[in-house]
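Here is what each chain is made of, one letter per residue.
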Amino acid sequence: MANRAKNHPILVSKIGIIGAGVSGIAAAKQLSHHNPIVFEASDSIGGVWSHCSYNSTKLQSHRRDYEFTDFPWPQRDNPDFPTYLEILNYLHSYAEHFDVLKNIRFNSKVVEIRYTGNREVTGFGSLLPGLPMWEVAVQTNHLDTIQWYGFELVVVCVGKYGDIARIPTFPQKKGAEVFKGKVMHTLDYCKLDQEAATQLLKGKKVVVVGFKKSGLDLAMECAEANQGPEGQPCTMVVRTLHWTVPHYWIWGLPFFLFFSTRSSQFIHERPNQGLLRTLLCLMCSPLRRGISKFIESYLLWKLPLDKYGLKPEHPFVEDYASCQMAIMPENFFSEAEKGKIVFKKASKWWFWNGGIELEDNTKLNADVVVLATGFDGKKKLKTILPEPFCSLLEYPSGVMPLYRGTIHPLIPNMAFVGFVESVSNLHSSELRSMWLSGLVDEKFKLPSIETMLSQTLKEIEVMKRSTRFYKRHCISTYSINHSDEICKDLGWSSWRKKDWISEVFGPYNIEEYAKED
């Protein structure tokens with residue numbers, strides 16, 4: 001833990017924001033009238049776009065679905081699926097346009113947080129009570145000196161991805177230490193420039209563990225680096241199969257029609273629905289399965305999933321409900337046809353000195369093993385939050401309870417932005433930041449702790465019934481209803497107008513919409 005300085009914490013602002021990724025700059029912009037201080041551990045904004053992107057990384061969704069409501073993408077020469085560099089340029093332009101950068105302190109890593117409020121007080125009062133509630137320890141420029149700050153409200157925007165890699169555990173003497181080649185996580189691979197990445201992969205026997213977006217992109221980069229007769233194939237070790245899509249059209253229909261309109265989400269369960277809607281959802285279960293089968297039929301026709309044994313056993317809708325739908329890189333299966341990408345399915349594996357061994361005793365020779373095994377977002381939070389709050393981060397279900405995706409009912413004067421996934425995480429973070437700004441300015445009040453906990457529990461139960469991967473905390477199948485509830489708190493009549501206009505004409509300015517209603 002950081003050593004406390006002898007002087008009292010510096011109160012330079014009422015609000016402290018941790019992280020300057022997409023959620024952090026959205027929160028900073030919406031709370032700008034309180035002059036917040038944003039602590040960013042790296043030397044740039046952008047979060048995962050800045051330090052967890054490959055050279056080939058592109059936006060998964062159309063750019064109109066990844067756009068701030070009051071700052072459109074410039075129309076000139078912008079592709080529908082921008083590269084990570086184009087996204088970073090867009091985020092920088094947003095931050096400069098709204099003068100967010102002046103509030104950001106770069107190379108400032110938060111290493112500890114301490115609660116100084118009254119533990120005996122129950123319930124939520126004002127989020128700006130007039131005195132410091134949290135002390136935040138910040139290490140700047142990798143120096144040993146720690147500076148403490150006091151804040152009335154702390155907004156945590158460190159996200160679930162990046163920073164801390166999730167590394168599998170292995171039996172004794174079967175871990176990475178016995179392997180004579182190179183082992184790295186995608187977090188380390190992201191730090192390589194294009195030349196270094198090519199040198200790492202070219203002519204090498206590479207094994208990629210994982211079959212989500214980062215693993216797919218990495219296998220594609222490996223195949224491209226190994227063209228020609230001397231190139232080595234990349235082997236993907238597939239632990240859990242997930243559905244992938246080649247593009248955003250299904251049998252000639254745009255994908256959003258199936259899940260991202262008000263009418264399509266009407267047939268899915270949502271929290272707080274009455275008896276009539278519950279019965280209707282039960283009656284619509286064949287329709288939900290039919291839509292899922294309809295999409296699956298296209299994917300099986302378009303992609304050789306059966307040929308390579310890559311057809312998941314669970315329905316497509318479960319991957320959508322857990323925000324795990326990945327776009328397949330272009331020409332991915334063309335490289336598989338050429339033998340540059342091969343697949344091995346195994347739920348358990350470990351290292352041996354020449355590579356990795358699968359549970360069926362198959363041994364794969366390797367020079368390089370890259371772990372596309374994800375990130376440990378909860379561990380990142382637990383490294384800075386004190387007890388007893390650290391123990392309150394998740395229900396026994398493994399999901400962090402967040403009211404309106406922002407407030408933990410049992411952690412006072414703290415907000416979390418960017419931890420609940422949706423169809424568009426940028427839109428979700430922006431809207432929740434607007435909601436948080438309204439809450440801070442006391443335009444509405446929070447319900448009781450019991451009511452908030454009950455609401456979060458209902459949401460988790462809906463997710464559990466929608467997908468076996470519910471621990472990812474995704475609200476994609478009822479995202480419009482979730483947005484409606486936030487808009488109702490803010491005094492806006494509904495999300496309907498914005499929702500419909502966005503689908504037909506593109507993004508709509510939420511603030512103008514609020515004025516109209």
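Residues numbered from 1 in each chain as written. Predicted model: local features only at pLDDT ≥ 70, side-chain atom pairs only at ≥ 80, totals over all residues. Heavy atoms only, no water.

**Quick notes on unusual backbone geometry**
Turning to step 1, where the next piece is worked out: Along the chain, Glu-387 connects to Pro-388 via a cis peptide bond; the corresponding omega equals 5 degrees.
Turning to step 2, where the next piece is worked out: Mapped onto the fold, Pro-388 is located in the loop between α13 (377-382) and β20 (414-416).
Turning to step 3, where the next piece is worked out: Notably, Asn-272 is not glycine yet its phi reads approximately 65 degrees, a positive angle.
Turning to step 4, where the next piece is worked out: Looking at the secondary structure, you find Asn-272 in the loop between α8 (262-265) and α9 (275-283).
Turning to step 5, where the next piece is worked out: Look at Cys-323: it is not a glycine, yet its phi comes out positive at around 55 degrees. (Helix = DSSP H or I, 4+ residues; strand = E, 2+ residues; numbered from the N terminus.)

**Some details on the pairing of strand β10 (residues 234-238)**
Turning to step 1, where the next piece is worked out: The buried fraction of β10 amounts to five of the five residues, a majority that puts the element mostly inside the structure.
Turning to step 2, where the next piece is worked out: Neither face of β10 is left uncovered, since the one carrying Cys-234, Met-236 and Val-238 and the one carrying Thr-235 and Val-237 both have all their residues buried.
Turning to step 3, where the next piece is worked out: As paired elements, strand β9 (residues 206-209) and β10 share four bridges and run parallel to each other. The residue of β10 that forms the bridge with Val-209 is Val-237.
Turning to step 4, where the next piece is worked out: Assessed by its sense of winding, the connection that carries the chain from β9 through helix α6 (residues 213-225) to β10 is right-handed.
Turning to step 5, where the next piece is worked out: Bridging between β10 and strand β15 (residues 341-345) involves five bridges; their strand directions are parallel. Pairing of Val-238 across the sheet is with Lys-345, part of β15. (Buried < 20%, exposed > 50% of the residue type's maximum accessible area, 1.4 Å probe, protein only. Pairing = 2+ DSSP bridges. Right-handed = clockwise from strand over helix to strand, strands pointing away.)

**Here's the deal with the sheet that holds strand β6 (residues 146-151)**
Turning to step 1, where the next piece is worked out: Taking strand neighbours across the sheet as the criterion, the three strands line up as β4-β5-β6 in an open arrangement whose pairing is antiparallel. Looking at which strands have only one partner, the edges of the open sheet turn out to be β4 (108-115) and β6. Across the sheet, the mean angle from the axis of one strand to that of its neighbour is 25 degrees, orientation sign disregarded. (Axes fitted to C-alpha atoms, helices over the stretch in contact; angles between N-to-C directions.)

**Digging into the state of the cysteines**
Turning to step 1, where the next piece is worked out: Counted according to the given criterion, the structure contains one disulfide.
Turning to step 2, where the next piece is worked out: One disulfide bridge connects Cys-323 with Cys-474, the sulfur atoms lying 1.9 Å from each other. Between Cys-323 and Cys-474, the S-S torsion sits near 65 degrees, and that sign places the bridge as right-handed. Taken as a pair, Cys-323 in the loop between α11 (316-321) and β14 (326-327) and Cys-474 in the loop between α15 (449-466) and α16 (479-489) lie far apart in primary sequence, 151 residues in all.
Turning to step 3, where the next piece is worked out: Residue Cys-323 is classed as buried on the basis of its relative accessible area, which comes to 18%.
Turning to step 4, where the next piece is worked out: Cysteine Cys-157 is unpaired, with the sulfur of Cys-52 as its nearest cysteine sulfur at 16 Å.
Turning to step 5, where the next piece is worked out: Under the relative-accessibility criterion, Cys-157 is labelled buried at 6%.
Turning to step 6, where the next piece is worked out: As a non-bridged cysteine, Cys-281 has Cys-284 as the owner of its nearest cysteine sulfur, 6.5 Å distant.
Turning to step 7, where the next piece is worked out: Among the residues examined, Cys-281 registers a relative accessible area of 5% and is labelled buried. (Disulfide = S-S within 2.5 Å.)

**Here's the deal with the packing of aromatic side chains**
Turning to step 1, where the next piece is worked out: All told, the structure shown has 41 aromatic pairs when counted by the stated rule.
Turning to step 2, where the next piece is worked out: Aromatic pair Trp-49 and Tyr-66: ring centres 5.9 Å apart, planes at 80 degrees, arrangement edge-to-face. Note that Trp-49 is positioned in helix α2 (residues 48-51) and Tyr-66 in the loop between α2 and α3 (84-97), a separation of 17 residues in sequence. Across the pair, Tyr-66 and Trp-49 agree in class, each one buried.
Turning to step 3, where the next piece is worked out: Note on Tyr-54 and Tyr-189: the rings are 5.1 Å apart at their centroids and 90 degrees apart in plane angle, and the pair reads as edge-to-face. With Tyr-54 in the loop between α2 and α3 and Tyr-189 in helix α4 (residues 186-189), this residue pair connects regions lying 135 residues apart in the sequence.
Turning to step 4, where the next piece is worked out: Note on Tyr-54: relative accessible area 4%, which makes it buried.
Turning to step 5, where the next piece is worked out: Through successive ring pairs, a cluster of aromatic residues spans Phe-81, Tyr-248, Phe-255, Phe-258, Phe-259, Phe-294, Phe-316 and Tyr-320.
Turning to step 6, where the next piece is worked out: Between the NZ or CZ atom of Lys-174 and the centre of the ring of Trp-350, over which it lies, the distance is 4.6 Å. (Phe/Tyr/Trp six-rings, centres within 6.5 Å; stacked < 30°, edge-to-face > 60°. Lys NZ or Arg CZ within 6 Å of the ring centre and 35° of its normal.)

**Things to note about the pattern of salt bridges**
Turning to step 1, where the next piece is worked out: Counted by the stated rule, this structure contains 15 salt bridges.
Turning to step 2, where the next piece is worked out: Between Arg-465 and Glu-269 there is a salt bridge, with the nearest N and O atoms lying 2.5 Å from each other. Pair noted here: Arg-465 is in helix α15 and Glu-269 is in the loop between α8 and α9, with a separation of 196 residues, a long-range link.
Turning to step 3, where the next piece is worked out: Residue Arg-404 pairs with Asp-489 through a salt bridge whose shortest N-O separation is 2.8 Å. Of this pair, Arg-404 sits in the loop between α13 and β20 while Asp-489 sits in helix α16, and the two are 85 residues apart along the sequence. (Salt bridge = Lys/Arg side-chain N within 4 Å of Asp/Glu carboxyl O.)

**Examining the sheet that holds β15**
Turning to step 1, where the next piece is worked out: Pairing within the open sheet is parallel, and its five strands lie in the order β8-β19-β9-β10-β15. Either end of the sheet is taken by a strand with one partner, and the two such strands are β8 (182-185) and β15. Between one strand and the next, the sheet's axes are offset by a mean angle of 20 degrees, whatever the strand orientation.
Turning to step 2, where the next piece is worked out: Of the pairings in the sheet, the one linking β9 to strand β19 (residues 368-371) comprises four bridges and is parallel in character. Note that in β19 the partner of Val-209 across the bridge is Leu-371.

**Brief notes about the nonpolar core**
Turning to step 1, where the next piece is worked out: Of all hydrophobic cores here, the largest spans 55 residues; its most connected members are Phe-259, Ile-295, Leu-310, Phe-316, Phe-332, Phe-333 and Phe-343.
Turning to step 2, where the next piece is worked out: Looking at this core, the element that brings in the most residues is α6, giving seven residues. (Core = buried A, V, L, I, M, F, W, Y, C linked by side-chain atoms within 4.5 Å.)

**Description of α16**
Quick reminder: α-helices carry 3.6 residues per turn. Residues three or four places apart thus point the same way.
Turning to step 1, where the next piece is worked out: With nine of eleven residues buried, α16 is to be regarded as a mostly interior element.
Turning to step 2, where the next piece is worked out: Of the positions making up α16, those classed as buried are Ser-479, Ile-480, Asn-481, His-482, Ser-483, Asp-484, Glu-485, Ile-486 and Cys-487.

**What to know about the domain arrangement of the chain**
Turning to step 1, where the next piece is worked out: Domain boundaries assigned for the chain yield domain 1 (11-162 + 376-477) and domain 2 (176-246 + 303-371).
Turning to step 2, where the next piece is worked out: If you look at the interface, domain 1 gives 19 residues, while domain 2 gives 28 residues.
Turning to step 3, where the next piece is worked out: Both sides together, the interface formed by domain 1 and domain 2 hides about 1,900 Å², and carbon and sulfur atoms give 56% of it.
Turning to step 4, where the next piece is worked out: Area buried by domain 1 at its contact with domain 2 is led by Tyr-54, Gln-60 and Phe-469, which between them contribute 36% of it. (Domains from an automatic or database assignment. Contact = heavy atoms within 4.5 Å. Buried area = accessible area lost by both parts, 1.4 Å probe.)

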